[in-house]
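# Fold and contact review
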Amino acid sequence: MLAWAQHLGLVVGAFEEKRLVAMRLGDFAGSTVPGASAGDLELTAQWAAFICLVDDRFDRSRDGVHPQDVASLFNRLLQVLTGSGAAGSGSGVERALDDLWRRTAPRMSSRWRERFVADYRDFALATREEATDRTGRIRLGLSDYVLRRRRTITALPMADILECTADAPWPGLSGGEDLMVALRLAAADVAGWTNDLVSAEDDLREDRDNLVTVLGRERGCSLPSAREQVIGMRDDRVRDFHALAASLTAMAAPGTERDKVRRYVAALGSFVTATLHWLGVTHRFDAHWSPERPGPR
């Protein structure tokens, strides 16, 4: 993974290289798609690296990020996904996405490609909204923060990737579409809220909104109390996920349809479990990565 990121310019310099290694994304991929081939394990880890590094370059910019910078980068990335950008040109981020997309999209259906682009476009829009609020020093209330967080965590684009690398495409379950959507949103909330629990100290240092601080501000409670409440919220959401997974599996008709549903549900379940574990062991948010933080490229 590191050699791939170096070759395409996704990481530049020893600082970024060491930080990428510290993220332990190989462990994340191994837990997320445990039965995958070596090639699909590698592809999963590389997608995770791309998603994390793009997100972190905005979060960790020394001088703050202007909304127009966010819009400019994501416009270029969306051009890569839609085929309107020049292949092999642009920044390391664009070259990395072009490489990933060329190795993923041809394996999937046109409907999958449309869904991935829509999910990534919504992530881009939410990230720009977040940058605009930071620039204007606007603080969201708890309910609005929760809604945006599930869009900025990039769990939905990553769930789309797992349809490919875990060989678990979205099943055509008659009458189950709403449950499928709810399952994905529960997975996104678990990922986002757990991320906020782990990154709370890092976010406090940088004066960034975080579910812990937003909840504490709205409810007028101490940060330790807010953290305990967020843990409770997260644990309830994990139970929601498992209840939805059980409902989907139960309603699927016997035979091929049930097998597809079980495969998809199992893939998302592995993603949730792997995310909970990985966020406990990654060094992505360690304080010693804070002194030098490159801005977006």
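Conventions we followed
Residues numbered from 1 in each chain as written. Predicted model: local features only at pLDDT ≥ 70, side-chain atom pairs only at ≥ 80, totals over all residues. Heavy atoms only, no water. Helix = DSSP H or I, 4+ residues; strand = E, 2+ residues; numbered from the N terminus. Buried < 20%, exposed > 50% of the residue type's maximum accessible area, 1.4 Å probe, protein only. Phe/Tyr/Trp six-rings, centres within 6.5 Å; stacked < 30°, edge-to-face > 60°. Axes fitted to C-alpha atoms, helices over the stretch in contact; angles between N-to-C directions. Parallel < 35°, antiparallel > 145°, perpendicular 65-115°, else oblique. Left-handed = near helix turned anticlockwise from the far one by under 90°. Contact = heavy atoms within 4.5 Å. Nonpolar A, V, L, I, M, F, W, Y, C, P; charged D, E, K, R; others polar. Salt bridge = Lys/Arg side-chain N within 4 Å of Asp/Glu carboxyl O. Disulfide = S-S within 2.5 Å.

In this model, Arg24 sits at a positive phi of 60°, which is unusual for a non-glycine residue. A positive phi angle, close to 50°, is found at Asp167, a residue other than glycine. Mapped onto the fold, Asp167 is located in the loop between α9 (155-165) and α10 (177-205). Judged by its relative accessible area of 49%, Asp167 is partly exposed.

Moving on, we come to the packing of aromatic side chains. Going through the model one piece at a time under the given rule, you end up with 13 aromatic pairs. Pairing Trp101 with Phe116 gives two aromatic rings, centres 5.2 Å apart and planes at 35°, and the pair type is tilted. With Trp101 in helix α6 (residues 92-104) and Phe116 in helix α7 (residues 110-135), this pair connects stretches of sequence that are 15 residues apart. Of the two residues, Trp101 and Phe116, both sit in the buried class. Through successive ring pairs, a cluster of aromatic residues spans Trp47, Phe50, Phe74, Trp101, Trp112, Phe116, Tyr120 and Phe123.

The next thing to look at is the packing of helix α5 (residues 67-82) against α6. Where α5 contacts α6, the two axes come as close as 9 Å, and the packing angle between them is 25°. With respect to their mutual orientation, α5 and α6 come out roughly parallel. Considering how the two elements wind past one another, α5 and α6 form a crossing that is right-handed. In this structure, α5 uses Leu73, Arg76, Leu77, Val80 and Leu81 to contact α6, whose residues at the interface are Val93, Glu94, Leu97, Asp98 and Trp101. Among the residues forming the contact of α5 with α6, the class breakdown is seven nonpolar, no polar and three charged.

With that settled, the discussion passes to the pattern of salt bridges. Throughout the structure, instances matching the rule amount to 28 salt bridges. We note a salt bridge from Arg111 to Glu177, for which the minimum N-O separation is 3.9 Å. Highlighted residues: Arg111 in helix α7 and Glu177 in helix α10, separated in sequence by 66 residues. By relative accessible area, which is 36% here, Glu177 ends up partly exposed. For Asp133, the salt bridge goes to Arg148, with nearest N and O atoms at 2.8 Å. Taken together, the residues span a long stretch of sequence, with Asp133 in helix α7 and Arg148 in helix α8 (residues 142-152) at a distance of 15 residues. Under the relative-accessibility criterion, Arg148 is labelled buried at 14%. Through salt bridges that share partners, Arg115, Asp119, Asp160, Glu163 and Arg184 make up one connected network.

Now for the state of the cysteines. All told, the structure shown has zero disulfides when counted by the stated rule. Its sulfur unpaired, Cys164 is 18 Å from the next cysteine sulfur, which belongs to Cys52. Judged by relative accessible area, which is 4%, Cys164 ranks as buried.

On to the packing of α9 against helix α13 (residues 256-281). Put simply, α9 and α13 touch, their axes get as near as 10 Å, and they point 130° apart. Between α9 and α13, the crossing angle belongs to the class labelled oblique. You can see that α9 and α13 cross each other, and the crossing is right-handed. For the pair formed by α9 and α13, the contact residues are Ala155, Met158, Ala159, Leu162 and Glu163 on the first element and Tyr264, Ala267, Leu268 and Phe271 on the second. Residue classes in the contact of α9 with α13 are distributed as eight nonpolar, no polar and one charged.

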